[in-house]
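# Geometric and topological summary
For reference, the chains in residue letters:
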Amino acid sequence: MLTLSRWYGRVLEAMMLLAGLLLLVMTFMIGADVVLRNIGAGGVAVSNELSEDFLYLITLLTAPWLLRQGRHIRVDIVLRVLPPRLAWALEWAGDAIGIACCLYFVWYGVGVTAASYANGSLSIKTLVTPEWWILAPMPIAFALLTVEFVFRMDRLARAERGARDDAVSAA
């Protein structure tokens, strides 16, 4: 399981690299849009739409890595003052609820993506694209979050009973 977890960590790091590259592209695109508008050349017509799509994709690409690093929203301070066994049980409960929520969003995301594909729905703004292209990353990201919750539970099972020390947002 540790080898698989390390491999999965590398996949998440590659996703973070892709998210960083998208952010860089978006930054240059917005900068080019501003410069071109200011010199009267009209700007980059798709910059607003692509920026929205990039922000959505960046969020989905980074979420599993952020969960692995403990950079997500938590209430560690509460867990630190509880008795260790209760804190450990709450960690388990939180991860179990996280898995349930993620699996729901995988199910929902697959459903809406499949429906959009079957209906031939289009996103019509500056660009005209199949809507399912925009929807497809959601179930994938939530499936990856589910996998990370499983790894978290494995690490928790092997750890000392108490609030987890790995992947916490506060020291």
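Shown above is the structure to which this text applies.
Not measured: the values here are computed from a predicted model. (Residues numbered from 1 in each chain as written. Predicted model: local features only at pLDDT ≥ 70, side-chain atom pairs only at ≥ 80, totals over all residues. Heavy atoms only, no water.)

### A look at the pattern of salt bridges
A complete count under the given rule lists 6 salt bridges for this structure. Across the pair Arg37 and Asp33 runs a salt bridge, and its minimum N-O distance is 2.3 Å. In this pair, Arg37 and Asp33 both sit in helix α1 (residues 2-38), 4 residues apart, roughly one turn of the helix. Under the relative-accessibility criterion, Arg37 is labelled partly exposed at 48%. Classification of Asp33 as buried rests on a relative accessible area of 5%. Between Glu52 and Lys125 there is a salt bridge, with its nearest N and O atoms 3.1 Å apart. Here the residue Glu52 occupies a position in helix α2 (residues 47-69), and Lys125 occupies one in the loop between β1 (122-124) and β2 (128-130), the gap between them amounting to 73 residues. Taken together, the salt bridges that share partners define one network made up of Arg68, Glu148 and Arg155. (Salt bridge = Lys/Arg side-chain N within 4 Å of Asp/Glu carboxyl O. Helix = DSSP H or I, 4+ residues; strand = E, 2+ residues; numbered from the N terminus. Buried < 20%, exposed > 50% of the residue type's maximum accessible area, 1.4 Å probe, protein only.)

### As for the nonpolar core
Judged by nonpolar contacts, Tyr8, Leu12, Met15, Ala19, Leu22, Met26, Met29, Phe54, Ile58, Leu61, Leu144 and Phe151 together constitute the single largest core of 12 residues. Secondary-structure elements contributing two or more residues to this core are α1, α2 and α6 (137-158). For this core, the element with the most residues is α1, which contributes 7 residues. Once residues within four sequence positions are removed from consideration, Phe54 is found in contact with Leu22, Val25 and Met26. One finds Leu60, Met138, Phe142 and Met153 within the second-largest nonpolar core, a separate group that totals 11 residues. (Core = buried A, V, L, I, M, F, W, Y, C linked by side-chain atoms within 4.5 Å. Contact = heavy atoms within 4.5 Å.)

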